[in-house]
Amino acid sequence: MKSSPALPAASTLRLPFSPSAGLPETAPLLRTDRKTLAVQLRPDGSLVIRAPRRMKDDEILRFVRSRETWLRQHLDRIRAEREKRENTERLSDEELKRLARLAAQILPLRVSFFASLVGADYGRITVRCQKTRWGSCSSQGNLNFNCLLMLAPPEVRDYVVVHELCHRLEMNHSRRFWAAVERVCPDYQDHKKWLRENGPALLARVFG
Ligand SMILES: [Zn+2]
């Protein structure tokens, strides 16, 4: 009986997933003396296919395709975990300086934009990296912002800007104050909630 020709022990397999699946496009294919086929998802999100020596590519591809849902679910989990890890890593001094520079460029532009909408004037703008507050407004109208705001979504950042500017109208958190915030920032409740839920994790990246 004629045996089938030897297939390369190591090659690269073009994977049968649609580009929108978010799965890798290729994977190393390793043929060894094993009996079964295995699709292995590595912690970095890449795939390795391990196959018996003589198994044909199309049979391998059929199997890989049948694992698509499983792969997608596991890859989503790996990505979510990686994102969580990245978002809780301690910031280096270098990164903090970069954030402070960015904040000093961007926040004054947002303040100037929203000041006319709020109908308020303001004094000096300072950016600091602080443990307890996202922003403040002095009785002279000087505004201070936390540089960690640059790690928050832009709409949350804008809410803090609007919040501090509205203190130029109302130096308190009265119903009139919140009405002024809402006029310019109708979704402010969502942004407050975001800060309440995610703010501590942001602060922990410096002060944790
Ligand atoms: Zn306030």
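Everything numeric here is computed off the predicted structure, so don't read it as measured data.

Basis of the calculations
Residues numbered from 1 in each chain as written. Predicted model: local features only at pLDDT ≥ 70, side-chain atom pairs only at ≥ 80, totals over all residues. Helix = DSSP H or I, 4+ residues; strand = E, 2+ residues; numbered from the N terminus. Rg over C-alpha atoms; globule rule 2.2 N^0.38 Å. Buried ≥ 20, exposed ≤ 12 C-beta atoms within 10 Å, placed from the backbone. Axes fitted to C-alpha atoms, helices over the stretch in contact; angles between N-to-C directions. Parallel < 35°, antiparallel > 145°, perpendicular 65-115°, else oblique. Left-handed = near helix turned anticlockwise from the far one by under 90°. Contact = placed C-beta atoms within 7 Å. Nonpolar A, V, L, I, M, F, W, Y, C, P; charged D, E, K, R; others polar. Pairing = 2+ DSSP bridges. Core = buried A, V, L, I, M, F, W, Y, C linked by C-beta atoms within 7 Å.

Participant: Break down the overall build of the protein chain for me, citing the residues and quoting the values.
Facilitator: On a plain count of helices and strands, the protein chain comes out with 6 helices and 7 strands. Going residue by residue from the N terminus, the α and β elements of the protein chain occur as β-β-β-β-α-α-α-β-β-β-α-α-α. Relative to a compact globule of 208 residues, whose C-alpha radius of gyration would be 17 Å, the protein chain shows 27 Å and is clearly more extended. With the principal axes as the frame, the protein chain shows a C-alpha extent of 95 × 35 × 25 Å. Taken across its 208 residues, the protein chain has 23% of its residues classed as buried.

Participant: Lay out the packing of helix 4 (residues 154-166) against helix 5 (residues 175-184) with the relevant residues and their values.
Facilitator: The N-to-C vectors of helix 4 and helix 5 enclose an angle of 140 degrees; their axes lie 9 Å apart at closest approach. Put simply, helix 4 runs oblique to helix 5. When you trace helix 4 past helix 5, the crossing you get is right-handed. Residue-level contacts link Val162, His163 and Cys166 of helix 4 to Phe177, Ala180, Val181 and Val184 of helix 5. Across the contact of helix 4 with helix 5, the residue classes tally to 6 nonpolar, 1 polar and no charged.

Participant: So what's going on with the sheet that holds strand 6 (residues 135-137)? Residues and values would help.
Facilitator: Reading across from one edge, 5-7-6 is the order of the 3 strands in this open sheet, with mixed pairing throughout. With partners counted over all chains shown, the strands left at the sheet margins are strand 5 (125-128) and strand 6, one partner each. Going from strand to strand, the sheet's axes swing by 15 degrees on average, the running direction of each strand aside. Pairing analysis gives 3 bridges linking strand 6 to strand 7 (residues 143-146), with the strands arranged antiparallel. Across the sheet, residue Ser136 finds its bridge partner in strand 7, namely Asn144. Where helix 3 (residues 93-118) meets the sheet, its contacts fall on strand 5 and strand 7, and the angle it forms with strand 5 comes to roughly 145 degrees. In this fold helix 4 packs onto strand 6 and strand 7, with an angle of close to 20 degrees to the strand it touches most, strand 6.

Participant: Quick one: what's the story with the nonpolar core, residue by residue and with numbers?
Facilitator: Judged by nonpolar contacts, the single largest core of 29 residues is most densely connected at Ala103, Leu149, Val162 and Leu165. Elements represented by at least two residues in this core include exactly helix 3, strand 7, helix 4, helix 5 and helix 6 (188-207). Not counting residues up to four positions away in its chain, the partners in contact with Leu149 are Ala103, Trp134, Arg157 and Val160. In this structure, Ala27, Leu47, Ile49 and Ala51 belong to the second largest nonpolar core, which totals 10 residues.

Participant: Can you break down the sheet that holds strand 3 (residues 38-41) residue by residue, with the values?
Facilitator: An order of 1-2-4-3 is seen for the 4 strands of this open sheet, with the pairing classed as mixed. Taken across any chain shown, the strands that pair with only one partner, and hence form the sheet edges, are strand 1 (10-14) and strand 3. Adjacent strand axes in the sheet meet at a mean angle of 30 degrees when their direction is disregarded. Judged from the 4 bridges that link them, strand 3 and strand 4 (residues 47-52) form a sheet pairing that is antiparallel. Of the residues in strand 4, the one forming a bridge with Val39 is Ile49.

Participant: Lay out the pairing of strand 7 with the relevant residues and their values.
Facilitator: Taken together, the 4 bridges between strand 5 and strand 7 define a ladder with parallel strand orientation. Looking at strand 7, one finds that Val127 is bridged to Phe145. Remark: 5 residues form the turn of the hairpin made by strand 6 and strand 7, two consecutive strands paired antiparallel; Gly141 in that turn has positive phi of roughly 90 degrees.

Take it as geometry only, folks, not as evidence of what the structure does.
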